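# Structural features, examined
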Amino acid sequence: MKTDLTDTTASKINKALVKGRRAIGTPAVGMVLTLVIVTDEENAYDALKAANDASREHPSRTLVVIKRVSRSPRDRTQSRLDAEVRVGADAGTGETVVLRLYGEVADHAQSVVLPLLLPDAPVVVWWPVDAPLDPAGDPLGALAQRRVTDTYSSEQPVRELTARAGTYKPGDTDLSWTRITPWRSMLAAALDQVSVEVKAVEVEGEEFNPSCELLAMWLADRLDVPVRRSLSSGPGLTAVRMETSNGPITLDRADGSLATLSIDGQPDRAVALKRRDTAELIAEELRRLDPDDTYASALRFGVHRLNVSNGQADTVGKPEEPVAASLETSPDAEDAPEGPSAKGEPADGEAPAQAPAPEPAKPPALKPVPSGLSGKAAK
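Okay, so let's go over this structure.

Rules behind the numbers
Residues numbered from 1 in each chain as written. Predicted model: local features only at pLDDT ≥ 70, side-chain atom pairs only at ≥ 80, totals over all residues. Heavy atoms only, no water. Buried < 20%, exposed > 50% of the residue type's maximum accessible area, 1.4 Å probe, protein only. Helix = DSSP H or I, 4+ residues; strand = E, 2+ residues; numbered from the N terminus. Arc of directions from axis to C-beta. Contact = heavy atoms within 4.5 Å. Salt bridge = Lys/Arg side-chain N within 4 Å of Asp/Glu carboxyl O. Pairing = 2+ DSSP bridges.

### Some words on helix α5 (residues 157-167)
Among the residues of α5, Pro157, Glu160, Leu161, Arg164 and Thr167 are the ones counted as buried. Projected down its long axis, α5 shows its buried positions confined to an angular sector of 135°, all on one face. For α5, exposure combined with an orientation more than 90 degrees from the buried face picks out Arg159, Thr162 and Gly166. Where α5 is buried, its residues meet β7 (146-149), β8 (172-174), α8 (210-223) and α10 (293-301).

Here is the structure:
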């Protein structure tokens, strides 16, 4: 059953929900949570379809918040709320309300959503695209116990991870983290089968995929070993290789569906690691509403600490003392000023200084090295 309401209010929407439940013969409310989806018109269909599929496992009231931009300046000053109420087969196993906000009311979406929340039920807010940098500080995010974002949909996913680490609050999570749950389970099970010491790890995957960085940060945080991030043509994560004291352990998935687990001294085995759709990811996130401390720890590890060996990044040069010594013979130092003073000789018109005989000659003063040269000298 579907009901369209134009220029309406939250009170009228609640009445339409009650009327719809009575019309289909289910006056009781059997939903366990409220799922608020904040999206745009372009992505609303896919997000709502995923939420309806997930509602088979988690019956919920789904509120889709779409902020519409009015065409003329005059329309932007007028507030309007349009709603589409779906109950029964059109809304999966729960209830769906599509809210379209126009004008100034779009800046106060929380005042529209608050009267429509299920009483005494948890609230989850999901941003499929254009998530705020601080989900907990967003007015809609402040209403929720769980805030779900998707870094993969941002323009700069890896840089977005750094921003998320700085604004993390208990209850935040990301679908890029949810995507690697089967990988984390499989790698943990592989290390449980053998008693080895992991020395180094390589995570291989396509570029601009934050799931690869999150898996690498999780491994580096848990194993306390250097983790290198390498690129492949995808799809998604393609391989994890661990160098251990008893030989390599490799989990390789080249086709995005079936992976091969190789442990030294054991026969290779095929494991299912298919790429899951959004409905499965949302259903997994709705199973637990408590803070994910493991995600917080991996996120705060930092992307900048990947590709690190012995406490220093691979692209960073050697310690300062060898660097300074190499500058004396480096061709990059040829532009150092020459002349009597540079060679340690007295200038014209000056008497040579009488240095005490027992003291050794001091080395010439080094010219300050520009920051762009330190990397070459280190090499």
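Next comes the rest of the description.
### Details of the environment of Lys169
The topology assignment puts Lys169 in the loop between α5 and β8. Expressed as a C-alpha distance, the spacing of Lys169 and Asp134, which sit 35 residues apart in the sequence, is 8.6 Å. If sequence neighbours within four positions are ignored, Lys169 has contacts with Asp134, Ala136 and Arg147.

### Notes on the pattern of salt bridges
Opposite charge on two side chains makes pairing possible when the charged atoms of those side chains draw close. By the definition in use, this model includes 22 salt bridges. Between Arg61 and Glu95 there is a salt bridge whose closest N-O contact spans 3.0 Å. With Arg61 in strand β3 (residues 60-67) and Glu95 in strand β5 (residues 95-102), this residue pair connects regions lying 34 residues apart in the sequence. You'll find Arg61 and Glu95 in the same group, each marked buried. By sharing partners, the salt bridges in this structure join Lys2, Glu41, Arg68, Glu84, Arg86 and Arg100 into a single network.

### What about the pairing of strand β13 (residues 258-263)?
With four bridges connecting them, strand β12 (residues 247-252) and β13 associate as antiparallel partners. Note on β13: the bridge partner recorded for Asp252 is Thr260. The loop that links β12 with its antiparallel partner β13 comprises five residues; one of these, Gly256, has a positive phi angle of about 80°. Where β13 and strand β14 (residues 269-272) come together, four bridges link them in antiparallel fashion. By the bridge assignment, Ala259 is partnered in β14 with Val271. The turn joining β13 and β14, which pair antiparallel and follow one another in sequence, is formed by five residues; a positive phi near 90° is taken by Gly265.

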